[in-house]
Amino acid sequence: MRKNLIREMAFFAILLIFLAFVMHPDLLSDPNERFSLMQERHNFIHPFIYAFIVYIFFGIVRIIVKKVIKIFAKKKNT
């Protein structure tokens, strides 16, 4: 259980960082400006919301793939 939680937290963190750099390429060149804009607009939570939406999407896809694999494995064994 603990390993799964750590793995999912790492997956979410990597997804969050990846999406941040994809949506805001200026984070690589001038991160201070991006963070000051976030402070001015008080929008600290939006990266987490976007990452959570994508995380849920990938979670649904992973569940569907596991179910399909389980169905084919069951047919193969019978």
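Note that this is a predicted model, so its numbers are computed, not measured.

## Some thoughts on the overall build of the protein
- A tally of regular secondary structure across the protein gives four helices and zero strands.
- Each helix (α) and strand (β) of the protein, taken in turn from the N terminus, gives the series α-α-α-α.
- For the protein, the spread of C-alpha atoms along the principal axes amounts to about 60 × 25 × 20 Å.
- By the burial criterion, 15% of the 78 residues in the protein qualify as buried.

## So, the pattern of salt bridges
- Counted by the stated rule, this structure contains two salt bridges.
- The shortest N-O distance in the salt bridge between Arg-7 and Glu-8 comes to 3.7 Å.
- When its relative accessible area of 48% is taken as the criterion, Arg-7 is described as partly exposed.
- Looking at Glu-8, the relative accessible area reads 17%, which means it is buried.
- The salt bridge partner of Glu-8 is Arg-62, with a shortest N-O separation of 2.8 Å. Pair noted here: Glu-8 is in helix H1 (residues 2–23) and Arg-62 is in helix H4 (residues 46–77), with a separation of 54 residues, a long-range link.
- Here Arg-62 falls in the partly exposed class, since its relative accessible area comes to 36%.
- Look at the salt bridges and you will find they share partners, linking Arg-7, Glu-8 and Arg-62 into a network.

Conventions adopted
Throughout, residues of each chain are indexed from 1 in the direction in which the sequence is written. Reporting of local features is limited, given that this is a predicted model, to residues whose pLDDT is at least 70; pairs of side-chain atoms are given and counted only at 80 or more, and all residues count toward the totals for whole chains, interfaces and linings. Just so you know, side-chain values use all the structure's heavy atoms and leave hydrogens and water out. Starting at the N terminus, helices and strands are each numbered in turn, a helix being any DSSP run of H or I of at least four residues and a strand any DSSP run of E of at least two. Relative accessibility under 20% of the residue-type maximum defines a buried residue, over 50% an exposed one, and the middle range a partly exposed one, all with a 1.4 Å probe and only protein chains included. The salt bridge criterion pairs a side-chain nitrogen of Lys or Arg with a carboxyl oxygen of Asp or Glu, the two atoms within 4 Å.

Remember, this is a structural readout, not a statement about activity or role.
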